[in-house]
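Here is what each chain is made of, one letter per residue.
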Amino acid sequence: MVIHRDQCRADARDVLDEFEAWLLRERSTQEGTAAAYADTFRLLLTYAQQATGIAPSALTLADLDADLIGGFLQHLETERGNSAATRNARRAALRSFFSYASYRAPDAIATISQVLAIPAKRTKTTLVSFLTAAEAEALIAAPDTGTWLGRRDRLLLHLGIQTGLRVSELTSLRVDSIQIGPHSQLECIGKGRKQRVIPLQKNTVQLLNAWFGELPPVPDGPLFPTHAGTPLTRAAVGKLIARHTAAAVGRCSSLAEKNVTPHTLRHTCAMSLLHAGIDTASIALWLGHSNIQTTQIYLHADLELKRRTLERVPAVDERPPARYQASDALIAFLKNR
């Protein structure tokens, strides 16, 4: 790993390999996260070579100072067109690396401290995008179930909307992740290596039972394989969702106005739970949120809830109902009692 000018002269591949190994070994980081970190360093080393003229294999920690890291983060936004959220995600990967490097190269603590002091960029909070019941039904019905791929895709869309799994959780599901019985359920491992169990509806179980008949009898095989038998990738799931969304527009025209991504399925599940009257604490457990505050975004996105709230509030120019005034006869009668 590139730690200090006199300590190490590893090339870019060595930097990525060792850092990824540390993430997986010490922090039990999932492969998707490790890959994102490695991609961050690939972009950084490429930028550093262009900015300094130093080959990645010759770069040292002293070269990766706050000015260069700050320039790199700015480059992500201005040159690569990344959003502030993506910039912050890349910054988080760099902070993890430099925090690790501070223990390996205490002599460079001044440079490291300056890099760690680079602040995150404030981002805009946008309302989550989700599908209505009609839109969800149209999307699930879009795949051609006369083909093997169509039946696989229909189950994936159905399961994604019913369970609210993240795309990485969907693609990592195995055949033995599903338990069919009186209380059918699904087991998955989400962020932070947290395991959770999600109950399955009867129609979901029916689809799963039919799908199991088309898969090889391999318990640890992927639930959603390619023709080659390998698990679907995140990118492949994104493409198939985009393809079926375009096909579903004919059934539900409002889908043409939405950018449907794998995470939209997760949002759709959360909103359906909210509309069913499930409290946010239970929704947070269902989705695997580590902080219940994360679940509050669905309250802000629920326009129907806001409308019901508005119906209970009098209009700003509406006079409150007149108070009851007893008649003079009634007052006289009460006085004489």
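For every chain, the first residue of the written sequence is number 1, and numbering continues from 1 along that sequence. Side-chain atom pairs in this predicted model are given and counted only at pLDDT of 80 or more, local residue features only at pLDDT of at least 70, and totals for whole chains, interfaces and linings cover all residues. Only hydrogens and water are set aside; all other atoms, that is, all heavy atoms of the structure, feed into the side-chain values.

Peer 1: What is the right way to read the overall build of the chain from this model?
Peer 2: Per the convention used, a helix needs a DSSP run of H or I reaching at least four residues, while a strand needs a run of E reaching at least two, with both numbered from the N terminus. Across its full length, the chain holds 16 helices and 3 strands. By residue count, 40% of the 337 residues in the chain fall in the buried class. Once local pairs closer than 6 in sequence are excluded, the contacts in the chain between residues at least 24 apart make up 65%. Per element, the accessible surface of the chain, about 19,300 Å² overall, is 53% carbon and sulfur. Burial classes: relative accessible area under 20% of the type maximum marks a residue as buried, over 50% as exposed, and values in between as partly exposed (1.4 Å probe, protein chains only). Any two residues having at least one pair of non-hydrogen atoms within 4.5 Å are treated as being in contact. What sets the accessible areas is the Shrake-Rupley method with a 1.4 Å probe; for residues, cover comes only from the shown protein chains.

Peer 1: What is the right way to look at helix H7 (residues 148-163) in this model?
Peer 2: The periodicity of an α-helix, 3.6 residues per turn, causes residues three or four positions apart to be oriented the same way. To estimate the expected span of a helix, count its residues, drop one, and scale the result by 1.5 Å. Here H7 is 16 residues long and its end C-alpha atoms lie 22 Å apart, about the 22 Å a rise of 1.5 Å per residue gives. A large share of H7 lies buried, amounting to 12 of its 16 residues. Looking only at H7, the buried set comprises Gly-150, Arg-152, Asp-153, Leu-155, Leu-156, Leu-157, His-158, Leu-159, Gly-160, Ile-161, Gln-162 and Thr-163. One or two positions beyond H7, positive phi appears at Gly-164, with a value near 70°.

Peer 1: Explain helix H3 (residues 66-78) here, please?
Peer 2: Spanning 13 residues, H3 covers 18 Å between terminal C-alpha atoms, matching the ideal 18 Å at 1.5 Å per step. Listed in full, the buried residues belonging to H3 are Ala-66, Leu-68, Ile-69, Phe-72, Leu-73, His-75, Leu-76 and Glu-77.

Peer 1: Would you mind going over the packing of H3 against helix H4 (residues 84-104) with me for this structure?
Peer 2: The relative placement of two packed helices is expressed as an angle between their axes plus a distance between the axes. Geometry is summarised by axes, namely lines fitted to C-alpha atoms with helices restricted to the contacting stretch, and by angles between N-to-C directions that run from 0 to 180 degrees. Running from N to C, H3 and H4 point in directions that differ by 155°, and their axes come no closer than 9 Å. Between H3 and H4, the interaxial angle falls into the category roughly antiparallel. Pair H3 / H4 crosses with right-handed handedness. In this structure, H3 uses Ile-69, Phe-72, Leu-73, Leu-76 and Glu-77 to contact H4, whose residues at the interface are Ala-84, Arg-87, Arg-90, Arg-91, Leu-94 and Phe-98. A per-class count over the contact of H3 with H4 returns 7 nonpolar, no polar and 4 charged. Working rule for angles: under 35 degrees goes down as roughly parallel, over 145 as roughly antiparallel, 65 to 115 as roughly perpendicular, anything else as oblique. Left-handed describes a crossing whose near helix is turned anticlockwise from the far helix by less than a right angle; the clockwise case is right-handed. Think of it as three bins: nonpolar holds Ala, Val, Leu, Ile, Met, Phe, Trp, Tyr, Cys and Pro, charged holds Asp, Glu, Lys and Arg, and polar takes everything else, Gly as well.

Peer 1: Would you explain the side chain of Ser-184 in this entry?
Peer 2: Summarising the element assignment, Ser-184 is placed in the loop between strand S1 (178-179) and strand S2 (185-189). The class of Ser-184 is buried, set by a relative accessible area of 9%. Side-chain atoms alone can form a polar contact between residues adjacent in sequence; in general such a contact is a pair of N or O atoms within 3.5 Å, and within protein one must be able to donate a hydrogen while the other accepts it. A polar contact of 3.1 Å, which involves the side chain of Ser-184, links it to the backbone oxygen of Gly-181. Beyond its immediate sequence surroundings of up to four residues, Ser-184 is in contact with Gln-179, Pro-199, Leu-200 and Val-205.

Peer 1: What is the right way to look at the nonpolar core in this model?
Peer 2: As a rule of thumb, soluble globular proteins bury nonpolar side chains together. Among the buried residues, those of types Ala, Val, Leu, Ile, Met, Phe, Trp, Tyr and Cys that are joined through side-chain atoms within 4.5 Å form a nonpolar core. With 37 residues, the main nonpolar core has Leu-159, Leu-173, Leu-186, Leu-223 and Phe-224 as its most contacted residues. For this core, the leading source of residues is H7, giving 5 residues. If near-sequence neighbours (up to four positions away) are discounted, Phe-224 is found in contact with Arg-152, Leu-155, Leu-156, Leu-159, Leu-170, Leu-173, Thr-230, Pro-231 and Leu-232. Within the second largest apolar cluster, 24 residues are counted, among which are Leu-45, Ala-66, Phe-97 and Ile-118.

Peer 1: Please explain the confidence of the model for the chain as it appears in this structure.
Peer 2: A low pLDDT means the predicted coordinates there should not be read in detail. A score between 0 and 100, pLDDT records how confident the predictor is in each residue. Taken residue by residue, the chain gives an average pLDDT of 81. The fraction at 70 or more is 77%. The model gives residues 1-13 a pLDDT under 50, and that stretch makes 35 contacts with residues more than four places away or in other chains.

Peer 1: Please clarify how the packing of aromatic side chains should be interpreted in this entry.
Peer 2: Note on aromatic pairs: each is described by the distance of the centres and the angle between the planes. Whether two aromatic rings pair depends on their centres lying within 6.5 Å, for rings of Phe, Tyr and Trp, where Trp uses its six-membered ring; planes under 30 degrees apart make the pair stacked, over 60 edge-to-face, and the rest tilted. For the structure on display, the rule yields 4 aromatic pairs. Ring geometry for Tyr-47 against Phe-72: centres 5.8 Å apart, planes inclined by 50°, an arrangement best described as tilted. You can see Tyr-47 sitting in helix H2 (residues 31-52) and its partner Phe-72 sitting in helix H3, a full 25 residues away along the chain. Pair check on accessibility: Tyr-47 and Phe-72 agree, each one buried. Geometrically, a charge over a ring is one whose NZ (Lys) or CZ (Arg) sits within 6 Å of the ring centre while staying within 35 degrees of the ring normal. Here the basic side chain of Lys-258 rests over the ring of Phe-130, its NZ or CZ set 5.7 Å away from the ring centre.

Peer 1: Is there a simple way to think about the pattern of salt bridges in this case?
Peer 2: Side-chain pairs of opposite charge can arise where the charged atoms are in close proximity. Salt bridge, as used here: a side-chain nitrogen of Lys or Arg that lies within 4 Å of a carboxyl oxygen of Asp or Glu. Taken as a whole and judged by the stated rule, the model has 11 salt bridges. Here Lys-258 ties to Glu-135 by a salt bridge, and the two come within 2.6 Å at their closest N and O atoms. Placement of Lys-258 in the loop between helix H10 (234-248) and helix H11 (262-275) and of Glu-135 in helix H6 (residues 133-141) is noted, with a sequence separation of 123 residues between them. With a closest N to O distance of 2.6 Å, Glu-169 and Arg-166 form a salt bridge. Each of the two residues, Glu-169 as well as Arg-166, counts as buried. Connected through salt bridges with shared partners, the residues Asp-39, Arg-42 and Arg-90 form a single ionic network.

Peer 1: Explain the pairing of S2 to me, please; I cannot follow it from the model alone.
Peer 2: Side chains Leu-186 and Cys-188 of S2 all project onto a buried face; the interleaved residues Gln-185, Glu-187 and Ile-189 project onto a face where none is buried. When DSSP finds at least two bridges between two strands, those strands are taken to pair. The turn linking S1 back onto S2 is made up of 5 residues. The pairing of S2 with strand S3 (residues 195-199) spans 5 bridges and is classified as antiparallel. Paired with Cys-188 across the two strands is Arg-196, which belongs to S3.

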